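Single-letter residue listing:
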Amino acid sequence: MDTATTASAPPPRAPQQTGTTRGKPRPGDRIFLGLSRGAGISLLVIMAAIAGFLAYRAGIAISKDDANFLTTSEWNPAGDPPVFGIAVLAFGTVVSSVIAMVIAVPVAIGIALFISHYAPRKIATPLAYVVDLLAAVPSIIYGLWGAIFLVPYLDGLNSWLNEYLGWTYIFEKTGEGVARNLFTVGILLAIMILPIITNVTREVFLQVPKMHEEAALALGATRWEVIRMSVLPFGRSGIISASMLGLGRALGETMAVAVVLSPSFIISGHLLDPGGGTFAQNIAAKFNEADEFGRDALIASGLVLFVITLLVNGAARAIIARRKEYSGANA
Amino acid sequence: MKLQRKNGLRATALGALAISGALVLTACGSDDNTATGSDGGDKTNAASNIKCDEAKGQILAAGSSAQKNAMDLWVKNFQAACSGVEVNYQPIGSGGGITKFTQGQVAFAGSDSALKPEEVEESKKICKGGQGINLPMVGGPVAIGYNLEGVDDLVLDSATIAKIFDSKITKWNDPAIAKLNPDAKLPSSSIQAFHRSDESGTTQNLHKYLSEAAPADWKHDPKSKSWLAPGGQAANGSSGVAAQVKQTQGSIGYFELSYATSQSISTVKLDTGAAAPVEATSENASKAIAAAKVKGTGKDLALSLDYKTKAEGAYPIILVTYEIACDKGNKAETLPTLKAFLNYTASDEGQKVLTDAGYAPLPAEIAAKVREIVPTLS
């Protein structure tokens, strides 16, 4: 274990830190400042342009919507009058992402700990590669795999959950049908976001100062106590950032959900019943045949997803900021 | 460690390349379920009679995926006969096709519903001095496929179908089904009804059929391209619905006939009120299209289909796709190719190959009208 951690300790800080920037700024500094400032500003401009475009097209659609855009669970922008709302989509997006996070985060932390602190080097390196490779598989392949392989297998799990945990309401199966439901989508999303969370978390765990761990060991702590007392607190903000990256992918995942889910415009708390839908899946399914107005309606739903993603990221930033005292900068 | 990480990246990149390469290759094997036997024979015979006229260069077209298999056959035959000509049809959906047409990006669009009045207005910008017109070109039956062990011959009527898809009939041994099938051993299992999750002209045509033939039992918006009834399960594309029906015991769903034949899924016979229940075949669909009336004016041949027909052997759940082009003001460089191609597709030969691909040829009278109009395009 020791060899693994020693070898993967962070490289020593670059020595040029001592040469401070006091005195005249050199031309190279100024150029670099300009470049990075330009990059930062252009990012803001691009984001504003996207938001502006979405808001403009969404405005056209929402002004003609005959129902409440936020609470209606129906999607018929081609109807007369047009009726559409995002209630089902928002519900499905949030629920499937939450399921994915509940499954993926603990597993990812486990894998990251195993690779960084438990596994012998010979196993850790290939395992890290394999997890990296999972991120390289395109989402449509996850979708096909999910639809052809995962769904038939989850049928059994679904009946089991229904039989023994049916009393929990969420695992009660009220409708007929194969396992093409939000629960399956959540499991699939969990597999898809696993590599992102694992990777970032592993990197963070490897950054834990050696002194912390060795000090704990010297005090007689077991390996688990070392992890609990130095690795996890140090890595907490990293874990949160990693989870948010994963959540971002889960919220926006399109093709895999479109292939696996059997969508319908019904909000149901019974996770095992086929039905529900997500923003991205709905856009993928309806975009081809939609007319101009239908596309505006879909863009309006995209705007809501955009806002949800911004809120989630903002919340994550706030959490990380509160825990600054644990971050690597003070170690 | 530095070195290690680099190697890791390289390994990841290689692996990603290998996997995505494999995926790109597999992605090409799309849901093209044209009966492979159909191209061999027709190709060489058909090639001799196609008039190429002054066709040259490439034309772009886009639209309905319902006629994709027919278009593939036509394009192959046409290109084999006329050297140096390329017809590029992108099956991106009717809505997308019409949008591309009104933006002037394609020579013609394929659509499974006729242009709406506002779309005709918009087409006038592209068609200088003229407007977009609908030319019916491909007909096809929408089959109701089912998977029920021990039942080979299922007869349903429009009201029962409406109730099944609206989740009002949920068991196979429901009295309404039993009455239509006195000899069948119907199980007491639940009906698993499958519908399309994407927007589609197939769904729209089923909606129109149900709301005209069973108005009391189907109250949903007939013009909607997306499924509006609650309940049931959904799958993406006709291929998706067919795959689910094939896999799932006690299921029922709707798709173009070719999907049923290629996967040997049993199809429902319709009790239309005619003397005998009607099977979903190309021939029977043609009989039902023959009952349609032209509702378009001038050169526009938009059809109004008769879903309530009781004619003997007419299968009324039908879909007609149109090719949409300008009557005047087509682009000079694509016009000869456009005319030559549509001439071929509307010809007897062009229509004949449709049967092999699971579609229905146009009735002679309508095909004749299309053939009259195509040469006048300018």
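Treat the numbers as computed from the prediction; the structure is a model and nothing was measured.

**Some details on the overall build of chain A**
- Scanning chain A for helices and strands turns up 11 helices and 2 strands.
- Ordered by position in the sequence, the α and β elements of chain A form the string α-α-β-β-α-α-α-α-α-α-α-α-α.
- Projecting the C-alpha coordinates of chain A onto the three principal axes gives extents of approximately 70 × 60 × 30 Å.
- Considering only intrachain contacts with a sequence separation of at least 6, the fraction spanning at least 24 residues in chain A is 74%.
- About 16,700 Å² of surface is accessible on chain A, with carbon and sulfur atoms providing 68% of the total.
- Mean positive and mean negative side-chain charge positions of chain A (24 and 22 charges, respectively) differ by 17 Å.

**Looking at the state of the cysteines**
All names here are of chain B.
- For the structure on display, the rule yields 2 disulfides over all chains.
- Between Cys-52 and Cys-82 runs a disulfide, and the two sulfur atoms are separated by 1.9 Å. With the S-S bond torsion at -90 degrees, the cross-link from Cys-52 to Cys-82 turns out left-handed. In this pair, Cys-52 sits in the loop between α2 (37–49) and β1 (57–63) while Cys-82 sits in the loop between α3 (68–81) and β2 (85–90), placing the two residues 30 residues apart along the sequence.

**Focus: the interface of chain B and chain A**
- Taken together, the 38 residues of chain B in the interface contact 34 residues of chain A.
- For the pair chain B and chain A, the summed buried surface comes to about 2,900 Å²; carbon and sulfur atoms form 52% of the total.
- Taken together, the connections running from chain B to chain A amount to 0 salt bridges.
- Along the contact surface separating chain B from chain A lie 5 residue pairs in polar contact (both at pLDDT 80 or more).
- Secondary structure elements with two or more residues in the side of chain B that touches chain A: α1 (2–27), α4 (94–102), β6 (192–196) and β7 (233–235) of chain B.
- Tallying contributions element by element places α1 of chain B first for the side of chain B that touches chain A, with 9 residues.
- Tallied by class, residues from the side of chain B that touches chain A come to 9 nonpolar, 22 polar and 7 charged.

**Section: the pattern of salt bridges**
- In this structure the tally under the stated criterion is 10 salt bridges over all chains.
- Of the charged contacts, one joins Glu-121 of chain B and Lys-124 of chain B as a salt bridge, the two residues approaching to 3.2 Å between their closest N and O atoms. A residue pair is termed a helical-turn pair when its members lie 3 or 4 positions apart in one helix, as Glu-121 of chain B and Lys-124 of chain B do in helix α5 (residues 117–126) at 3 residues.
- Its relative accessible area of 49% is what places Glu-121 of chain B among the partly exposed residues.
- Measuring nitrogen to oxygen at the nearest pair gives 3.0 Å for the salt bridge that ties Arg-196 of chain B to Asp-198 of chain B.
- Residue class for Asp-198 of chain B comes out buried when judged on its relative accessible area of 12%.
- Salt bridges sharing common partners tie together Arg-57, Glu-292 and Asp-296 of chain A.

**What about the pairing of strand β3 (residues 108–111) of chain B?**
All names here are of chain B.
- Burial along β3 is two-sided: Phe-108 and Gly-110 and Ala-109 and Ser-111, pointing in opposite directions, are all buried.
- Looking at chain direction, β1 and β3 are connected through 3 bridges and run parallel. Residue pairing in the sheet places Ala-62 in a bridge with Ala-109 of β3.
- Taken together, the 3 bridges between β3 and strand β13 (residues 318–326) define a ladder with antiparallel strand orientation.

**Observations concerning the confidence of the model for chain B**
Residue and element names in this part refer to chain B.
- Per-residue confidence for chain B gives a mean pLDDT of 85; residues scoring 70 or more make up 87%.
- Scored below 50 in pLDDT, residues 26–47 shows 25 contacts in the model against residues more than four places distant or in partner chains.
- The ipTM value of the predicted complex is 0.72, and its pTM value is 0.77.

**Section: the environment of Ile-324 of chain B**
Residues and elements named next belong to chain B.
- Mapped onto the fold, Ile-324 is located in strand β13.
- When its relative accessible area of 0% is taken as the criterion, Ile-324 is described as buried.
- Not counting the four nearest positions on each side in its chain, Ile-324 is found in contact with Ile-98, Phe-101, Ala-107, Phe-108, Ala-109, Ser-111, Leu-115, Ile-133 and Asn-134.

**Some remarks on unusual backbone geometry**
- Unlike most non-glycine residues, Tyr-169 of chain A shows phi in positive territory, near 75 degrees.
- Its place among the elements puts Tyr-169 of chain A in the loop between α5 (139–165) and α6 (182–206).
- You will see that Ser-167 of chain B, though not glycine, has its phi angle at about 60 degrees, which is positive.
- Along the chain, the position of Ser-167 of chain B falls in the loop between α6 (158–165) and α7 (175–180).
- Ser-167 of chain B gets classed as partly exposed once you look at its relative accessible area, which sits at 35%.

**Overview of the packing of aromatic side chains**
- The full count for this structure, using the stated rule, is 15 aromatic pairs over all chains.
- Centroid distance Phe-108 of chain B to Phe-341 of chain B: 6.0 Å. Interplanar angle 25 degrees. Geometry classified as stacked. Note that Phe-108 of chain B is positioned in strand β3 and Phe-341 of chain B in helix α12 (residues 335–346), a separation of 233 residues in sequence. For the pair Phe-108 of chain B and Phe-341 of chain B, one class covers both residues: buried.
- Aromatic rings pair up to connect Phe-69, Trp-75, Phe-84 and Phe-293 of chain A into one cluster.

**A look at the confidence of the model for chain A**
Residues and elements named next belong to chain A.
- Looking at chain A as a whole, the pLDDT averages 87, with 91% of positions reaching at least 70.
- Across chain A, helix α3 (residues 87–118) holds the top mean pLDDT of 95, while helix α1 (residues 2–7) sits lowest at 44.
- Confidence over residues 1–9 falls short of pLDDT 50; this stretch has 12 contacts with residues more than four positions distant or in other chains.

**Remarks on the packing of α3 of chain A against α6 of chain A**
All names here are of chain A.
- Packing of α3 against α6 brings their axes to within 5 Å, and their N-to-C directions diverge by 40 degrees. The two elements α3 and α6 meet at a crossing, and its hand is right-handed.
- In the contact of α3 with α6, the residues fall into 26 nonpolar, 7 polar and 1 charged.

**Concerning the side chain of Thr-203 of chain B**
- Within the secondary structure, Thr-203 of chain B is located in helix α8 (residues 201–213).
- Residues contacting Thr-203 of chain B, with those up to four places away along its chain left out, are Arg-196, Lys-225, Ser-226, Trp-227 and Tyr-254 of chain B.

**Comments concerning the pairing of β2 of chain B**
All names here are of chain B.
- Burial along β2 is one-sided: Val-85, Val-87 and Tyr-89 are buried, while Glu-86, Asn-88 and Gln-90, pointing the other way, are not.
- Here 6 bridges tie β1 to β2, and the two strands are oriented parallel to one another. For Gln-58, the partnering residue across the bridge sits in β2 and is Glu-86.
- The parallel pair β1 and β2 is bridged by α3, and the resulting crossover is right-handed.

**Things to note about the nonpolar core**
- Counting 108 residues, the largest nonpolar core has Phe-78, Ile-144 and Ile-252 of chain B as its most contacted members.
- It is strand β4 (residues 132–147) of chain B that contributes the most residues to this core, 8 residues altogether.
- Phe-78 of chain B has contacts with Ile-50, Ala-55, Val-85, Val-87, Thr-337, Ala-340, Phe-341 and Tyr-344 of chain B, leaving out every residue within four places of it along the chain.
- With 68 residues, the next largest nonpolar core counts Ala-58, Phe-183, Ile-239 and Val-260 of chain A among its residues.

Scoring rules and cut-offs
- Residue positions are given per chain, counted from 1 along the sequence in the order it is written.
- Here the convention is simple: chains get letters from A, ligands get numbers from 1, in the order in which they are written.
- Under the rules for a predicted model, residues below a pLDDT of 70 receive no local features and side-chain atom pairs below 80 are neither given nor counted, while totals for whole chains, interfaces and linings still include all residues.
- Side-chain metrics in this entry use all non-hydrogen atoms of the structure; hydrogen atoms and water are not considered.
- A run of H or I in DSSP counts as a helix once it spans at least four residues, and a run of E counts as a strand once it spans at least two, with each numbered from the N terminus.
- In this analysis, two residues are considered to be in contact whenever any of their non-hydrogen atoms come within 4.5 Å of each other.
- Here the open area of atoms and residues is found with the Shrake-Rupley method and a 1.4 Å probe, where only the protein chains shown may cover a residue.
- His is not counted, nor are the chain ends, whereas Lys and Arg count as positive and Asp and Glu as negative.
- Where a charge lies is defined by one atom per residue type: Lys uses NZ, Arg uses CZ, Asp uses CG and Glu uses CD.
- When the sulfur atoms of two cysteines come within 2.5 Å, that pair is taken as a disulfide.
- By convention, the term buried area covers the 1.4 Å-probe accessible surface removed from two parts as they join, with the contributions of both added.
- For this document, the term salt bridge refers to a Lys or Arg side-chain nitrogen within 4 Å of an Asp or Glu carboxyl oxygen.
- Nitrogen and oxygen atoms within 3.5 Å of one another constitute a polar contact, given that in protein one can donate a hydrogen and the other can accept it, and given that sequence-neighbouring residues count only through two side-chain atoms.
- The nonpolar class holds Ala, Val, Leu, Ile, Met, Phe, Trp, Tyr, Cys and Pro. Asp, Glu, Lys and Arg form the charged class, and all remaining residues, Gly among them, are polar.
- Remark: exposure states derive from per-residue accessible area (1.4 Å probe, protein chains only) relative to the maximum for the residue type, with buried under 20%, exposed over 50%, and partly exposed in between.
- DSSP calls a pair of strands paired once it identifies at least 2 bridges connecting them.
- Values of pLDDT, ranging from 0 to 100, describe the predictor's confidence in every residue of the model.
- Two aromatic rings, drawn from Phe, Tyr or Trp (for Trp, its six-membered ring), form a pair once their centres lie within 6.5 Å of each other, and the interplanar angle then sorts them: stacked below 30 degrees, edge-to-face above 60, tilted otherwise.
- Lines fitted to C-alpha atoms define the axes, with helix axes restricted to the stretch in contact, and inter-axis angles between N-to-C directions lie between 0 and 180 degrees.
- Each crossing is labelled by how the near helix is turned from the far one, with a counterclockwise turn of less than a right angle marking it left-handed and a clockwise turn marking it right-handed.
- We call a crossover right-handed when, viewed with the strands running away from us, the connection from the first strand over the helix to the second turns clockwise.
- The nonpolar core is taken to be a set of buried Ala, Val, Leu, Ile, Met, Phe, Trp, Tyr and Cys residues, with the residues joined through side-chain atoms within 4.5 Å.

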